[in-house]
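Structural characterization, general
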Amino acid sequence: MESPTPRDEDAENGRANADEKPSPPIRLALTTSDLNERFAKWRDKSATRWSISISLITILCGTLGTLSDWQGAKPVFPCWVKREQKINEPYGIAVANIGVRREDGQRWSDMEKKNASDINESLFKQVSSSFEDRSGQVGIGQTCNRNIQSDQERETYLSEVQKKLDAELAVSLTLTPSGQRVRVEIEASIGSQGGWNEAQELAGYYKFNAGLVGDSLEIRTSIAKASVGELLVPYITLLRAIAEYANSDYGVAKDTLSKVLATPGISDDLKRLALVLKGNTEGRLGGTGSTERAAAAYTAALKTDRGYVRAILGLAEIDYQTGLSKIRSTGGPRCEGKLTSQAKAHLAAALDKYEGVYRSAATSRVPDVDARAKFGIGRTYACLLRSGDRSKAEAALEALKYVTARFESDRKKVWLRATASGAYGETALIYCGQGRREEALAYYAKAYEWAVDETRARDYDDARRKISTNRRYCS
């Protein structure tokens, strides 16, 4: 506010010259009223600024204070505060962004993009809800970037999401709209580069054909989400079974798998994996009839795909273990004793299956399935060697070292850890039988280092101690 123009003293005294132009007004110091008015304006503006700042701080604090993970156990920071939040629970499941494609080559409409994103968020909530009772054991995470993704290179993309969130499993969807129908595929990437768990043996990329939804993504979001959500129930139930199996809850996992297999109309690809996991679960549980039930599960899986290598490897394991049980033991290490005709038949059947898997490895999507098959071959040859067939020594060592070399080339392949430990142990046993004491010691040390089972680790350590303290042990 400007100050008032001062009075002209010459004009007041009557001495002003009418012809003179008036002097420009002189700006003097502010009066008290001026200061009060300006202070009031400054106070009002400052109050507004502080009100906005305090509101923003309040919102931020509220966001950080109230946002929590689905378990409510710890805060989840927004992506603009922390780029990605890793999953800390023993078993982590990452929900990756949805994949999209169009068979008709048209561009996605804004409504389709919106509904696809909503379906992606619905998947996250559906997975989270399924694991609410597994708090502290299973953690669910989601990427910060929620944009829908191209369906190309999905296997690589899901693997990257696993690494970012430190998850053992990543799950997502691929949608293919065509006219008024949408094909739904659920995909999963299993197997992390972190710690070992039982489910690492299922490592690989899976894509399941969940089916067709008879509604276009152009329709209301709630209907689209409901249609897709109903299709996903048995697949998410399978994820639960995998997490239970990873936690060694074999009995619980078996019951969960029974629910999956009892679902009407499930796809063959889902049925195959559920049957193989059920067979593996029976093998872990043991007990009367477990071998027969495991064999029945693997055989049922092969009825949907006779070349399904996971089922073939399961049946090969049964043949191998049955062959061992038919050897007339002499009380020494495994396989030492008289080979009965039954033992020979089962071991030969195991070899035949392992070699078949190895020959077809190039066309398989199972990671490192060639190394798994080679371990089966090497272990079977080693058993025949210890039963008296000395001609199998070189073949056994060649196959076993194929496995250990693969693992040594990349120790992040955690799914090979148990297999590699077994290969080191079998190699050590062969070397000890040949009197190669130092080499046996070195391989037992490796077997112990990478063992995933406490009992097996203790056996390897005991063998190493016996060799170390008794120089004649391997003679």
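None of the values given here were measured: they were computed from a predicted structure.

With that settled, consider the overall build of the chain. Within the chain one finds 15 helices and nine strands. Burial status across the chain gives 45% buried among its 475 residues. Of the contacts formed within the chain by residues at least 6 apart in sequence, a portion of 64% connects residues at least 24 apart. Split by element, the accessible area of the chain, about 25100 Å² in all, is 50% carbon and sulfur.

The grouping of D453, E454, D459 and D462 at the surface amounts to a negative patch. Within the fold, D459 resides in helix 15 (residues 454–469).

This part covers the pairing of strand 1 (residues 91–95). Burial runs high along strand 1: five of the five residues are buried. In strand 1, alternate side chains face the same way, and those of Y91, I93 and V95 on one face and G92 and A94 on the other are all buried. The pairing of strand 1 with strand 3 (residues 138–142) spans five bridges and is parallel. Bridge assignment links I93 to a residue of strand 3, and that residue is I140.

A separate point is the packing of helix 9 (residues 309–325) against helix 11 (residues 369–386). Helix-helix packing is characterised by the crossing angle of the two axes and by the distance between the axes. Two elements in contact, helix 9 and helix 11, have axes separated by 12 Å at closest approach and are oriented at 15 degrees. In terms of orientation, helix 9 lies roughly parallel with respect to helix 11. At the point where helix 9 passes helix 11, the crossing takes the left-handed sense. Of the residues in helix 11, those touching helix 9 at V309, R310, L313, E317, Y320, Q321 and L324 are V369, R372, R379, T380 and C383. Its residues assigned to classes, the contact of helix 9 with helix 11 shows six nonpolar, two polar and four charged.

All right, on to unusual backbone geometry then. Its identity as a non-glycine residue notwithstanding, D166 has a phi of 55 degrees, on the positive side. Following the sequence through the fold, D166 ends up in the loop between helix 4 (154–165) and strand 5 (169–178). One non-glycine residue, D368, lies in the positive phi region at around 55 degrees. By the element assignment, D368 lies in the loop between helix 10 (341–359) and helix 11. Given the relative accessible area of 11%, D368 is considered buried.

Further remarks concern the nonpolar core. Grouped together as the largest cluster of nonpolar side chains are 115 residues, with contacts concentrated most on Y91, I93, V127, L173, V184, L238 and I242. Leaving out residues up to four positions away in the same chain, L238 has contacts with F208, L257, V260, L270, L273, A274 and L277. Core analysis: the next-biggest nonpolar cluster, separate from the first, contains ten residues, Y157, L158, L165 and A167 among them.

By the definition in use, this model includes eight aromatic pairs. Between Y424 and Y443 the ring centres are 5.9 Å apart and the planes differ by 50 degrees, which places this aromatic pair in the tilted class. One end of the pair, Y424, is in helix 13 (residues 417–433); the other, Y443, is in helix 14 (residues 437–450), and 19 residues separate them in sequence. Taken as a pair, Y424 and Y443 share a single burial class, namely buried. Measuring from ring centre to ring centre gives 6.3 Å for Y444 and Y460, while their planes differ by 40 degrees; the resulting arrangement is tilted. Residue Y444 is located in helix 14, and its partner Y460 is located in helix 15; the two are separated by 16 residues in the primary sequence. Per residue, the accessibility class of Y444 equals that of Y460, and both read buried. These aromatic residues form a ring-pair network of at least three members: Y206, F208 and Y235. The side chain of R272 reaches across the aromatic face of Y308, ending 5.5 Å from its centre. Sitting above the plane of the Y358 ring, K374 keeps its charged end 4.7 Å from the centroid.

Criteria and thresholds
- Residues numbered from 1 in each chain as written.
- Predicted model: local features only at pLDDT ≥ 70, side-chain atom pairs only at ≥ 80, totals over all residues.
- Heavy atoms only, no water.
- Helix = DSSP H or I, 4+ residues; strand = E, 2+ residues; numbered from the N terminus.
- Buried < 20%, exposed > 50% of the residue type's maximum accessible area, 1.4 Å probe, protein only.
- Contact = heavy atoms within 4.5 Å.
- Areas by Shrake-Rupley, 256 points an atom, 1.4 Å probe, with all protein chains shown as cover.
- Patch = residues over 30% accessible without salt bridge, like charges linked within 9 Å, V, L, I, M, F, W, Y side chains within 5 Å.
- Salt bridge = Lys/Arg side-chain N within 4 Å of Asp/Glu carboxyl O.
- Lys, Arg positive; Asp, Glu negative; His and termini not counted.
- Charge placed at Lys NZ, Arg CZ, Asp CG, Glu CD.
- Pairing = 2+ DSSP bridges.
- Axes fitted to C-alpha atoms, helices over the stretch in contact; angles between N-to-C directions.
- Parallel < 35°, antiparallel > 145°, perpendicular 65-115°, else oblique.
- Left-handed = near helix turned anticlockwise from the far one by under 90°.
- Nonpolar A, V, L, I, M, F, W, Y, C, P; charged D, E, K, R; others polar.
- Core = buried A, V, L, I, M, F, W, Y, C linked by side-chain atoms within 4.5 Å.
- Phe/Tyr/Trp six-rings, centres within 6.5 Å; stacked < 30°, edge-to-face > 60°.
- Lys NZ or Arg CZ within 6 Å of the ring centre and 35° of its normal.

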